[in-house]
Amino acid sequence: QVQLVESGGGLVQAGGSLRLSCAASGSIFSINTMGWYRQAPGKQRELVATITRGGITNYSDSVKGRFTISRDNAKNMVYLQMNSLKPEDTAVYYCNAQGISRAMVPGTYWGQGTQVTVSS
């Protein structure tokens, strides 16, 4: 079993910054693509950013130029630096990982989510 635990959410004023962290632990053989998704009230969960094990990144148009995703492969961690936050960034942010367990079973894993609230 692979667990993802997020941290770093909170309340911030518009224009401010937050940094989210996510740690993967458990029965991990390898972690491939990691990413962040978010879900605002009444909306579907949407992609924010992803990063491959080799460092190739992908961002949604709504966060390009403001958010930066990074990872530490040795620590099985992924980060999301969020700058110039807007009220529309308010959502629960979920960490996501695609990997292989030590039982050599591929899977997609989710964290429990962390709330980000941006006040105007």
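### What about the overall build of the protein?
Across its full length, the protein holds zero helices and 11 strands. Sequence-ordered secondary structure for the protein, helices as α and strands as β, is β-β-β-β-β-β-β-β-β-β-β. In terms of C-alpha radius of gyration, the protein reaches 14 Å, essentially the compact-globule figure of 14 Å for 120 residues. For the protein, buried positions account for 43% of its 120 residues.

### Quick look at the nonpolar core
Counting 30 residues, the largest nonpolar core has W36, L80, M82 and Y93 as its most contacted members. Going through the elements one at a time, β1 (2-7), β3 (18-26), β4 (28-39), β5 (46-51), β7 (67-72), β8 (77-82), β9 (91-101) and β11 (114-119) are the ones with two or more residues in this core.

### A look at the side chain of S101
In this fold, S101 is placed in strand β9. Judged by relative accessible area, S101 falls into the buried class, the value being 8%. Contacts of S101, omitting those with residues within four sequence positions, involve S27, I28, F29 and Y109.

### Section: unusual backbone geometry
With the exception of glycine, the majority of residues adopt a negative phi angle, and the majority of peptide bonds are in the trans configuration. Even without being a glycine, N76 presents a positive backbone phi close to 55°. With respect to the helices, strands and loops of the structure, N76 is situated in the loop between β7 and β8. For M104, which is not glycine, the phi torsion reads 65° and is therefore positive. Of note, M104 is situated in the loop between β9 and β10 (106-110).

### A few points about the environment of Q13
Considering the arrangement of structural elements, one finds Q13 in strand β2 (residues 10-13). Look at Q13 and you get exposed, because its relative accessible area is 60%. Residue contacts for Q13: discarding those within four places in its chain leaves V118 and S119.

Rules used throughout
In this convention, every chain numbers its residues from 1, walking through the sequence in written order. With pLDDT at 70 or above as the cut-off, local features in this predicted model cover only qualifying residues; side-chain atom pairs require 80 or more to be listed or tallied, and sums for whole chains, interfaces and linings still use all residues. Neither water nor hydrogens contribute to the side-chain values; these are computed over all heavy atoms in the structure. Numbering of helices and strands runs from the N terminus, with a helix taken as a DSSP run of H or I at least four residues long and a strand as a DSSP run of E at least two residues long. Computation of the radius of gyration draws on C-alpha atoms alone. For the globule rule, the value is 2.2 Å times the number of residues to the power 0.38. Think of it in three bands: with a 1.4 Å probe and only protein chains considered, a residue is buried below 20% of the maximum accessible area for its type, exposed above 50%, and partly exposed in between. Definition used in this section: a nonpolar core is a set of buried Ala, Val, Leu, Ile, Met, Phe, Trp, Tyr and Cys residues joined via side-chain atoms within 4.5 Å. Residues are treated as being in contact if the distance between any of their heavy atoms lies within 4.5 Å.

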